[in-house]
Amino acid sequence: MMTIPREVTNWIDGRDCPPSTNQWFDNLSPADGTSICRVARSGAEDVRAAVSAARRAQAAWAGKTAVARGDLLREIALAMRARRQDIAELVARETGKSVKLALGEADAAIEMGMFIAGEGRRLYGRTTTASMAHRTVMTVRQPLGVAGLIISFNTPMPNIAWKVFPALLCGNTAVLKPSEDTPLSAWIFARICQDAGLPAGVLNIVHGYGAEAGMPLVESPDVKLVSFTGSCATGRMIHKAAAERLAKVCLELGGKNALVVCDDAALDNAVNWVLQAAFSNAGQRCAAASRIVVFDAVYDRFRDLLVKATRELAVGPTDSDFMGPVINARQVTRLEDAVRQAKAGGAVILAGGGKLKDAAHAAGCYMAPTLLENVGPEAAISQQELFGPVAVLYRVAGFEEALALVNRSSYGLTSAIHTTSLHRAMTFAERVEAGVVVVNGGTHGSEPHMGFGGVKDSGTGWREAGTEALDVYSDWKYINLIADPAKV
Ligand code: NAD
């Protein structure tokens, strides 16, 4: 078993640094409420030190070739592979998810590292034509400087990998502010980076709460890019604060993702995908399906199959459980309140509905997988992201009504349709307002080489992962070369 540190300090300029505030907070296990470790509760002074270390390290890091930076990032990915079990055990401990799921996430993070490391040998620009004779025009990517990276708790290791690997590959140095709920994943990532030989100051980690440790990073004049993954409300605050000095901002925000089940769908397959999309990782995915839109002709049959399967889901922290707890007690209260409010508005609870209170679950943050119906499209539970294992079923007459309902959301992250009709699938793909469309699958499932992001309130138009991530972490420079054939 991996030994858990009693204290998680900041990591600045290659050194463990206690918080300048001398304040700490307890990291509690969502699975059983026990204290795991204490964590640095950092403030503006810690952020200043981290940004300054990143600034000092940036020129030398950017001075290495992209190939050399990629080589080092590959070493980090390989070291992660060697320690994937340690990583998974820590992530499982701090999130309550199973080690099996955490191993899958560790592998996804490693794969992102491998993919981005390879970009060191590509990092393509363009050459183009020019109106002037003998002029050659080309574009090259330039680093931005110091990147401020702020992330959510839900899949902590991929969240780190999606930002840190492309940020560093492009020649930036970085300050990472992990979620206060998942400090250990950042802690082990720092150890691995250090052992793999990442120079001091290239990556710095500051722990703490959003307003105290995150906002000073956003407001720092030396941070040239803020890349944020989290809620829409926090994203708006960050965007406003960074706009003051016109900093580049990449926001990857929430979703209220819909999955449509047509009358020609394979219903068993659709049920299986809804379980995965709505409840895996306890519904704590930006890409989770929380609105299940079903054609009237198959609604009753589909609902009965789904309700039965949902009630049978095993909930707990082990590899044989389907899903674990949500991240903290506040989140359970929020979910229960949302369900209570929906019920008061006429919603019918088909499965779950609240916290699991039996002896095996009482000490943890276990919300039962919950299904509701009889909810209007404008009700709060239809519009607000819950980020938990709660989904609503909607009955529609046919395709046009389904599409209109799917698009009746301020969010536009992911979507899915279950149909055997190519015509329906393609028309849905063309007209749905979402950054990702899946046919006959779940609403999630992106891979490291695929750009991921949404439209409307789900983000600011950037894509993370894929080669698209390089656009977030670099600027373009046009270089003009003018030759004079007379001087040959
Ligand atoms: P959150 O917005 O509460 O917190 C995210 C991060 O921001 C944390 O590190 C937090 O400490 C920090 N933060 C909070 N307030 C801040 C402030 N005032 N200034 C600076 N930083 C601040 O979100 P969460 O609860 O951690 O995550 C859930 C949300 O994340 C959901 O909306 C989910 O959809 C979204 N998410 C999106 C993606 C994506 O790729 N689009 C991926 C995962 C999660």
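Structural data are supplied above this passage.
Below is a summary of the structure that appears in this document. The residue numbers shown here count from 1 along each chain, following its written sequence. It should be noted that, the model being predicted, local features are given only for residues of pLDDT at least 70 and side-chain atom pairs only at 80 or more, the latter also being counted only at that level, while totals for whole chains, interfaces and linings use all residues. By convention in this description, side-chain values take in all heavy atoms of the structure and omit both hydrogens and water.

### A closer look at the sheet that holds strand β17 (residues 390–396)
Here a strand pair is declared whenever DSSP counts at least two bridges between the two strands. We count a stretch as a helix when DSSP gives it H or I for four or more residues in a row; a strand needs E for two or more, and each element gets its number in order from the N terminus. Spatial ordering of the open sheet is given by β15-β16-β17-β14-β13-β19-β20, a layout of 7 strands whose pairing is mixed. The open sheet has two edge strands, β15 (348–351) and β20 (436–439), and neither has a second partner. For this sheet, the mean angle separating the axes of adjacent strands, direction not counted, is 25°. Bridging between strand β14 (residues 289–295) and β17 involves 5 bridges; their strand directions are parallel. Bridged to Arg 291 within β17 is Val 392. Helix axes use the C-alpha atoms of the stretch in contact, all axes being lines fitted to C-alpha atoms, and the angles between their N-to-C directions lie in the range 0 to 180 degrees.

### Side note on the sheet that holds strand β5 (residues 35–40)
If you trace the 3 strands from one edge of the open sheet to the other, you get β1-β5-β4, paired in mixed fashion. The open sheet has two edge strands with one neighbour each: β1 (7–8) and β4 (24–28).

### Describing the site of the ligand
Around the ligand sit 26 residues in total, of which Lys 177, Glu 180, Ser 231, Thr 234 and Glu 385 are the nearest. Leu 253 places a main-chain nitrogen or oxygen 2.8 Å from a nitrogen atom of the ligand. Pairing of N or O atoms within 3.5 Å defines a polar contact, subject to two protein rules: one partner must be a possible hydrogen donor and the other a possible acceptor, and residues neighboring in sequence count only if both atoms are side-chain atoms. Glu 385 places a side-chain nitrogen or oxygen 2.5 Å from an oxygen atom of the ligand. Per-residue and other accessible areas follow the Shrake-Rupley method at a 1.4 Å probe size, with only the shown protein chains counted as cover for residues. Considering the ligand on its own, with 850 Å² of exposed area, one finds that the protein chains cover 88% of that surface. Tallied by class, the residues present in the shell around the ligand amount to 12 nonpolar, 10 polar and 4 charged. Here a residue counts as near a molecule or strand whenever at least one of its heavy atoms sits within 4 Å of it. Note on residue categories: nonpolar means Ala, Val, Leu, Ile, Met, Phe, Trp, Tyr, Cys or Pro, charged means Asp, Glu, Lys or Arg, and polar means any other residue, Gly included.

### Examining helix α5 (residues 156–169)
Its 14 residues place the ends of α5 20 Å apart at the C-alpha level, agreeing with the 20 Å of an ideal helix rising 1.5 Å per residue. Most of α5 sits inside the fold, with 14 of its 14 residues counted as buried. Once α5 ends, the next one or two residues include Gly 171, with phi positive near 95°. Under the convention used throughout, the expected extent of a helix is 1.5 Å for every residue step, that is, one less than its residue count. For every residue, the accessible area obtained with a 1.4 Å probe (protein chains only) is divided by the maximum for its type, and the residue is called buried under 20%, exposed over 50%, and partly exposed between those limits.

### Things to note about the packing of helix α7 (residues 210–219) against helix α8 (residues 232–243)
Between α7 and α8, the shortest axis-to-axis distance is 8 Å and the interhelical angle comes to 35°. The segment α7 lies against α8, with Met 215, Val 218 and Glu 219 engaging Met 237, Ile 238, Ala 241 and Ala 242. Should any heavy atoms of two residues lie within 4.5 Å, those residues are considered in contact.

### Topic: the pattern of salt bridges
Just to be clear on terms, a salt bridge is a Lys or Arg side-chain nitrogen sitting within 4 Å of an Asp or Glu carboxyl oxygen. All chains considered together, the criterion is met by 28 salt bridges. Salt-bridge contacts for Arg 38 lead to Glu 7; the nearest nitrogen and oxygen are separated by 2.6 Å. Of the two residues, Arg 38 is situated in strand β5 and Glu 7 in strand β1; the sequence distance between them amounts to 31 residues. Assessed through its relative accessible area of 36%, Glu 7 is described here as partly exposed. Connected through shared salt-bridge partners, Asp 296, Asp 300, Arg 303, Asp 304, Glu 373 and Arg 395 make up one network.

### Some words on unusual backbone geometry
With a phi close to 40°, Leu 123 is a non-glycine residue in the positive phi region. Positive phi, close to 60°, is recorded for Phe 387, a residue that is not glycine. By the secondary structure assignment, Phe 387 is in the loop between α12 (380–383) and β17.

### Considerations on the side chain of Thr 182
Topologically, Thr 182 is positioned in the loop between β9 (173–177) and α6 (183–196). Contacts of Thr 182, omitting those with residues within four sequence positions, involve Glu 94, Thr 95, Ser 152, Phe 153, Pro 156 and Ile 327.

### A closer look at the state of the cysteines
A pair of sulfur atoms, both from cysteines and within 2.5 Å, is called a disulfide here. Applying the stated criterion across every chain yields a total of 0 disulfides. A disulfide-free cysteine, Cys 17 has its sulfur positioned 16 Å from the sulfur of Cys 193, the nearest such atom. Counting only cysteine sulfurs, Cys 37 is the nearest neighbor of Cys 365, a cysteine outside any disulfide, at a range of 16 Å. The class for Cys 365 is buried, based on a relative accessible area of 10%.

### Re the pairing of β14
Burial analysis of β14 places 7 of its 7 residues in the buried class, which makes it a mostly covered element. Handedness is read with the strands pointing away from the viewer; a crossover is right-handed when the path from the first strand over the helix to the second is clockwise. In this fold, strand β13 (residues 257–261) hands off to helix α9 (residues 267–279), which returns the chain to β14; that crossover is right-handed.

### Points about the nonpolar core
Core analysis: the biggest nonpolar cluster contains 67 residues, and Ile 76, Met 80, Phe 165, Phe 189, Leu 198 and Leu 203 have the highest contact counts within it. Element by element, the count of residues in this core is highest for α5, at 9 residues. Once residues within four sequence positions are removed from consideration, Met 80 is found in contact with Ile 87, Ala 109, Ile 110, Met 157, Phe 165, Phe 189 and Ile 192. What makes a nonpolar core is a set of buried Ala, Val, Leu, Ile, Met, Phe, Trp, Tyr and Cys residues whose side-chain atoms join them at distances within 4.5 Å. In this structure, Ala 265, Val 315, Val 332 and Ala 342 belong to the second largest nonpolar core, which totals 63 residues.

### Section: the side chain of Ser 227
By the element assignment, Ser 227 lies in strand β11 (residues 223–229). By relative accessible area, Ser 227 is classed as buried at 0%. A polar contact of 3.0 Å, which involves the side chain of Ser 227, links it to the side chain of Lys 163. When residues no more than four places from it in sequence are discounted, the contact partners of Ser 227 are Gly 148, Leu 149, Ile 150, Lys 163, Cys 250, Glu 464 and Tyr 473.

Keep in mind these numbers describe shape, not what the thing actually does.
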